[in-house]
Amino acid sequence: INQMVQDLVHAGLLLPRRGLGFYGGEGYWFSLPGLGHAAKSIVEGRTSILRRMRQSKYKERKRSVLEREIGRDGPAAKEKGSFNNEHTGGDT
């Protein structure tokens, strides 16, 4: 069991935690490396969709239109540098 725990610690899935409770025992935090980037992307996508819904006349939008717009200038497109003036260095 100790070897399995050490392997999980080495992989970054468990983080050692010391001084738990009254007796000061040991424990571990669960960790999912890279989850912060995924959470940030989800929040940005949700914010973008809500902003587009507020801007529409009847507070509704076709799913296909949203998917096309978000795919064109959403968070993933910004990472690739397409449709983003910061990466191209000019006005497009």
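For clarity, every value in this text was computed on a predicted model and none was experimentally measured.

(A) Representation of the overall build of the protein chain. For the protein chain, the count of helices and strands is five helices and two strands. The N-to-C order of helical and strand elements in the protein chain reads α-β-β-α-α-α-α. Counting over 92 residues, the protein chain shows a buried share of 17%. Look at the contacts in the protein chain between residues 6 or more apart in sequence, and 7% of them connect residues 24 or more apart.

(B) Region of the structure containing the confidence of the model for the protein chain. Looking at the protein chain as a whole, its pLDDT mean stands at 77, while 72% of the residues score no less than 70. Ignoring residues within four places in sequence, the model shows residues 81-92, a span with pLDDT below 50, making nine contacts including any to other chains.

(C) Looking closely at the pattern of salt bridges. According to the stated counting rule, one finds three salt bridges in the structure shown. Linking Arg52 and Glu69 is a salt bridge whose minimum nitrogen-to-oxygen distance equals 3.4 Å. Within this pair, whereas Arg52 is found in helix H2 (residues 35-55), its partner Glu69 is found in helix H3 (residues 63-73), the two being separated by 17 residues in sequence. A single burial state applies to Arg52 and to Glu69, both of which are buried. Across the pair Glu67 and Arg63 runs a salt bridge, and its minimum N-O distance is 2.9 Å. Of this pair, Glu67 and Arg63 both sit in helix H3, four residues apart, which is roughly one turn of that helix.

(D) View of a nonpolar patch on the surface. Nonpolar side chains collect at one region of the surface, where Leu8, Leu13, Leu32 and Leu35 lie side by side and expose about 360 Å² of accessible area between them. Here Leu8 lies in helix H1 (residues 2-11).

(E) Broad picture of unusual backbone geometry. A positive phi angle, close to 55°, is found at Lys59, a residue other than glycine. The exposure class of Lys59 is exposed, given its relative accessible area of 51%.

(F) Region of interest: the environment of Arg17. Assignment of secondary structure puts Arg17 in strand E1 (residues 14-20). In this structure Arg17 comes out as partly exposed when scored by relative accessible area, which is 31%. Sequence separation between Arg17 and Trp29 is twelve residues, and the spatial gap between their C-alpha atoms is 6.5 Å.

What counts and how
Residues numbered from 1 in each chain as written. Predicted model: local features only at pLDDT ≥ 70, side-chain atom pairs only at ≥ 80, totals over all residues. Heavy atoms only, no water. Helix = DSSP H or I, 4+ residues; strand = E, 2+ residues; numbered from the N terminus. Buried < 20%, exposed > 50% of the residue type's maximum accessible area, 1.4 Å probe, protein only. Contact = heavy atoms within 4.5 Å. pLDDT = per-residue confidence, 0-100. Salt bridge = Lys/Arg side-chain N within 4 Å of Asp/Glu carboxyl O. Patch = residues over 30% accessible without salt bridge, like charges linked within 9 Å, V, L, I, M, F, W, Y side chains within 5 Å. Areas by Shrake-Rupley, 256 points an atom, 1.4 Å probe, with all protein chains shown as cover.

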